[in-house]
Amino acid sequence: MIGLISATAAGAAARDRLAAAWPERTRVYDGPVADAVRTAFGECDRLVCFLATGAVVRLVAPLLDDKRTDPGVVCVDEGGRFAVSLVGGHGGGANELARAVGEVLGAEPVVTTATDAVGLAGLDTLGLPVEGDVAGVSRALLDGEPVALRAEVAWPLPPLPVTAEGAYGIRVTDRAVEPAGGEVVLRPPSLVVGVGASRGAPVDEVLGLVEDALREAGLSAASVAELATVDAKAEEPGIVGAAERLGVPLVTYAADALAGVEVPNPSAAPLAAVGTPSVAEAAALVRGGELLVPKRKSAAVPAMATCAVVRRPGRGRLAVVGLGPGARDLVTPRARAELRRASVLVGLDQYVDQIRDLLRPGTRVLESGLGAEEERARTAVEEARRGYAVALIGSGDAGVYAMASPALAEASDDIDVVGVPGVTAALAAGAILGAPLGHDHVSISLSDLHTPWEVIERRVRAAAEADLVVTFYNPRSRGRDWQLPKALAILAEHREPSTPVGVVRNASRADESSRLSTLAALDPATVDMMTVVTVGNTATRKIAGRMVTPRGYRWQEDPATRRSPADSSRAAVSGTSASETPASETPEENL
């Protein structure tokens, strides 16, 4: 919960805007400010104070105890110009909160945490348990000193400017080791503990067995990702209680799924009891991994619990990111976040140059030139399979004539894949032209480098016969100068010569240009590969210099009977029958 405190009318107005935007996440604290801050500090995870920074410093100073447990505090000035991360930037989430508050209120987030200020990923913000000299290693990273990464377990970390050797180190391990001097240990959630238990097994027996197994194998409980068992034991109190006390989820599997897992120590007893010859080992191994601790029983007599421990390899992560048509402000926040998360970036060199300044220090960049799409796709998938967090970039939307298709054709289910949508060239061009895509439309690439012209022509003809608005990608190049005239001729068989045609070159970029023409007047020689050509349907019109395709409301069919949505609403209020009103009365309704 986020506590909101204000002292003035201006502060209250901004406070109420935030409360309205986040109704389920915020709580307003009224009354004397000092009392409100004190109460909110004890009850909330984070605070937003619409007060002077100095005042908040004096109010929260006596309340501070430990940066690992104190709530994060953000200050917003009376004018709503700045959202200052004051206390708990990392541990308390104040840095993230300042940015979120800034987005809602239009305020500039002010973050002074050293790693955030220079774009480094904070070692205590990676989502992994961390031990050791966090401050010392972070300072070494900031100062450019060599920091060695020792990854005993492959895990998709964000970019870090690390080296093979160094006086300082970052160790990624699920082993129960103590950090050395000048070292940080990161604990990835790589261990799965399979458990089985007789009915009524005490929680202390189950938990003690798991802890003993981890300790004797030299493994850290902080790296346990989950407890796993058979469905029949999903509500067994001893297993449920052990998961709760370890602070990990309990995952269950059907008996027939576990029965199909090959294990070293099957038994007739669980087969008779729950329908699978193995519970502990099979539940730990069902999703693959390395068996570190074979099935063992608890020390009680009779033993009522069994467990086994498996190390699952870290799954690499491939984010296929659309960068939009070129303008920086059309790169989505989600795309920016994925670029900062990726430790490896793969992309066309000119696209890499567009966003290089958005990358964190330490990002490994693998760039190549035009014509190497399949190579880039393979490279991105291979890097993800090696356990890295990878971003594969493309212009527009990466799933539209871009990198998502070849990448997903290469990828299997051994990596995680995330798609990040982007603004397509068709959408960017449409916004410049007016509203040419207001009704059904289709995009067709005229490049026959990978698609036979016979197939392209069949698609163009189908779109023409269906009266769809058509956006042509890759319309014309030096080596392909006849395809666009041919496509336009096919459309002309079904549309009037006066049909509007919009031409946009370098949509959203500094040298953007656009013009409206007609199907009869457009000169294909004025079009190149940086151009998007949009041909209207039989309803598309030029209105006030803009290209508009109506959505097809009934009141638009006959100018003599046109009524606005407001007219229709008034008619309904006055008693007009439903049969006399349009089927769709508001722009928000879909056909």
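In the block above lies the structure referred to throughout.
So, how was this worked out
Residues numbered from 1 in each chain as written. Predicted model: local features only at pLDDT ≥ 70, side-chain atom pairs only at ≥ 80, totals over all residues. Heavy atoms only, no water. Helix = DSSP H or I, 4+ residues; strand = E, 2+ residues; numbered from the N terminus. Buried < 20%, exposed > 50% of the residue type's maximum accessible area, 1.4 Å probe, protein only. Contact = heavy atoms within 4.5 Å. Areas by Shrake-Rupley, 256 points an atom, 1.4 Å probe, with all protein chains shown as cover. Lys, Arg positive; Asp, Glu negative; His and termini not counted. Charge placed at Lys NZ, Arg CZ, Asp CG, Glu CD. Salt bridge = Lys/Arg side-chain N within 4 Å of Asp/Glu carboxyl O. Core = buried A, V, L, I, M, F, W, Y, C linked by side-chain atoms within 4.5 Å. Pairing = 2+ DSSP bridges. Axes fitted to C-alpha atoms, helices over the stretch in contact; angles between N-to-C directions. Parallel < 35°, antiparallel > 145°, perpendicular 65-115°, else oblique. Left-handed = near helix turned anticlockwise from the far one by under 90°. Nonpolar A, V, L, I, M, F, W, Y, C, P; charged D, E, K, R; others polar.

*Asks:* So what exactly am I meant to see when it comes to the overall build of the protein here?
*Replies:* Scanning the protein for helices and strands turns up 19 helices and 28 strands. Principal-axis analysis of the C-alpha atoms places the extent of the protein at approximately 90 × 65 × 65 Å. Every one of the 591 residues in the protein was classed for burial, and the buried ones make up 44%. Here the analysis covers contacts within the protein between residues at least 6 apart in sequence; of these, 64% occur between residues at least 24 apart. Taken as a whole, the protein presents about 28000 Å² of accessible surface, with 51% of it coming from carbon and sulfur. Between the centroid of the 59 positive side chains of the protein and the centroid of its 75 negative side chains there is a distance of 2 Å.

*Asks:* For this particular structure, what's the right way to read the pattern of salt bridges?
*Replies:* Where charged atoms of side chains with opposite charge meet at close range, the side chains can pair. Taken as a whole and assessed by the stated rule, the structure comprises 29 salt bridges. The residue Asp30 makes a salt bridge to Arg15 at a minimum N-O spacing of 3.4 Å. Of the two residues, Asp30 sits in the loop between β2 (26-28) and α2 (33-43) while Arg15 sits in helix α1 (residues 9-21), which places them 15 residues apart along the sequence. Beyond isolated ion pairs, a larger network of salt bridges with shared partners links Arg15, Asp16 and Asp30.

*Asks:* Would you take a moment to explain unusual backbone geometry for this structure?
*Replies:* Most peptide bonds take the trans configuration, and most residues that are not glycine carry a negative phi. With omega at 0 degrees, the peptide bond leading from Val301 into Pro302 counts as cis. Looking at the secondary structure, you find Pro302 in the loop between β14 (290-297) and β15 (305-311). The phi angle at Tyr401 is positive, at roughly 55 degrees, despite the residue not being glycine. Residue placement: Tyr401 occurs in the loop between β19 (389-394) and α15 (404-410). Of note in the backbone geometry, Asn474 takes a positive phi value of approximately 45 degrees without being a glycine. Positionally, Asn474 belongs in the loop between β23 (469-473) and α18 (483-492).

*Asks:* Which parts of the structure should I look at to understand the nonpolar core?
*Replies:* Proteins that are soluble and globular tend to have nonpolar side chains buried together. Counting residues in each nonpolar core, the largest one holds 22 residues, and the members touching the most others are Val193, Val195, Leu214, Val224, Leu227, Cys307 and Val309. For this core, the elements supplying multiple residues, two or more each, are β11 (191-197), α7 (203-216), β12 (224-230), α8 (237-246) and β15. Residue contributions to this core peak at 6 residues, all from α7. Discounting residues that sit within four places of it in the chain, Leu214 has contacts with Leu191, Leu219, Ala221, Val224 and Val309. Ranked by size, the runner-up nonpolar core spans 21 residues in total, among them Leu446, Leu491, Val503 and Leu519.

*Asks:* What's the story with the sheet that holds strand β28 (residues 546-548) in this structure? I'm lost.
*Replies:* Pairing between sheet strands relies on hydrogen bonds along the backbone, with the strands arranged either parallel or antiparallel. What the 3 strands build is an open sheet, ordered β21-β28-β27; its pairing is mixed. Each edge of the sheet is formed by a strand with only one pairing partner; in this case those strands are β21 (434-435) and β27 (541-543). Across 3 bridges, the pairing between β27 and β28 is antiparallel. In the sheet register, Lys542 faces β28, and the bridge partner there is Met547.

*Asks:* What's the story with the packing of α7 against α8 in this structure? I'm lost.
*Replies:* Each pair of packed helices gets described by two things: the angle between the helix axes and the distance between those axes. Where α7 contacts α8, the axes come no closer than 8 Å and their chain directions differ by 55 degrees. Relative to α8, α7 is oriented oblique. α7 and α8 meet at a crossing whose hand is right-handed. Contact residues: Val203, Asp204, Val206, Leu207 and Val210 in α7; Gly238, Ile239, Gly241, Ala242, Arg245 and Leu246 in α8.

*Asks:* Can you walk me through helix α6 (residues 134-143) in this structure?
*Replies:* For an α-helix the count is 3.6 residues per turn, leaving residues at separations of three or four pointing the same way. Turning to α6, its buried residues number three or more, namely Gly136, Val137, Ser138, Ala140 and Leu141. The inward-facing, buried residues of α6 abut β8 (147-151), β9 (168-172) and β10 (183-186). Among the residues trailing α6, Gly144 stands out with phi positive, at a value near 80 degrees.

*Asks:* Would you mind going over the environment of Ala426 with me for this structure?
*Replies:* If you trace the backbone, Ala426 turns up in helix α16 (residues 425-433). A sequence separation of 47 residues divides Ala426 from Tyr473, and the C-alpha atoms of the two residues are 8.2 Å apart. Setting aside its immediate chain neighbours within four residues, Ala426 contacts Leu437, Ser443, Thr471 and Tyr473.

*Asks:* Even after reading the chapter, I still don't get the packing of helix α17 (residues 453-465) against α18, so can you show me in this structure?
*Replies:* Two numbers describe how α17 lies on α18: the axes approach to 9 Å, and their chain directions differ by 30 degrees. With respect to their mutual orientation, α17 and α18 come out roughly parallel. Crossing handedness for the pair α17 and α18: right-handed. Across the interface between the two elements, Trp453, Glu457, Val460, Arg461 and Ala464 of α17 pack against Gln483, Lys486, Ala487, Ile490 and Leu491 of α18. Class assignment for the residues of the contact of α17 with α18 results in 6 nonpolar, 1 polar and 3 charged.

*Asks:* Got a minute to help me understand the side chain of Glu281 in this structure?
*Replies:* Note on placement: Glu281 falls in helix α11 (residues 280-285). This buried residue, Glu281, is left without a salt bridge; Lys295 holds the nearest opposite charge, at 6.1 Å. Ignoring any residue separated from it by four or fewer positions in sequence, one finds Glu281 in contact with Val263, Pro264, Asn265, Leu291, Pro294, Lys295 and Ala308.

*Asks:* Is there a simple way to explain the environment of Ala217 in this structure?
*Replies:* Tracing the backbone through its elements, the reader meets Ala217 in the loop between α7 and β12. Residue classification places Ala217 among the partly exposed positions, given a relative accessible area of 26%. Along the sequence, Ala217 and Arg15 sit 202 residues apart, while their C-alpha atoms lie 53 Å from each other. Non-local contacts of Ala217, meaning those with residues more than four positions away in its chain, are made with Arg175 and Val293.

*Asks:* For this particular structure, what's the right way to read the sheet that holds strand β5 (residues 82-87)?
*Replies:* Strand order across the open sheet formed by 6 strands is β2-β1-β3-β4-β5-β6, with mixed pairing between neighbours. Edge positions in the open sheet fall to β2 and β6 (108-110), since each of these has one partner strand only. Averaged over all pairs of adjacent strands, the angle between their axes in this sheet comes to 25 degrees, without regard to strand direction. Pairing analysis gives 5 bridges linking strand β1 (residues 2-6) to strand β3 (residues 46-50), with the strands arranged parallel. Bridging across to β3, Gly3 finds its partner in Leu47. Contacts from α1 reach β1, β2 and β3, with the element oriented near 160 degrees to β1.

The values reported here are purely geometric and, on their own, carry no functional implication.
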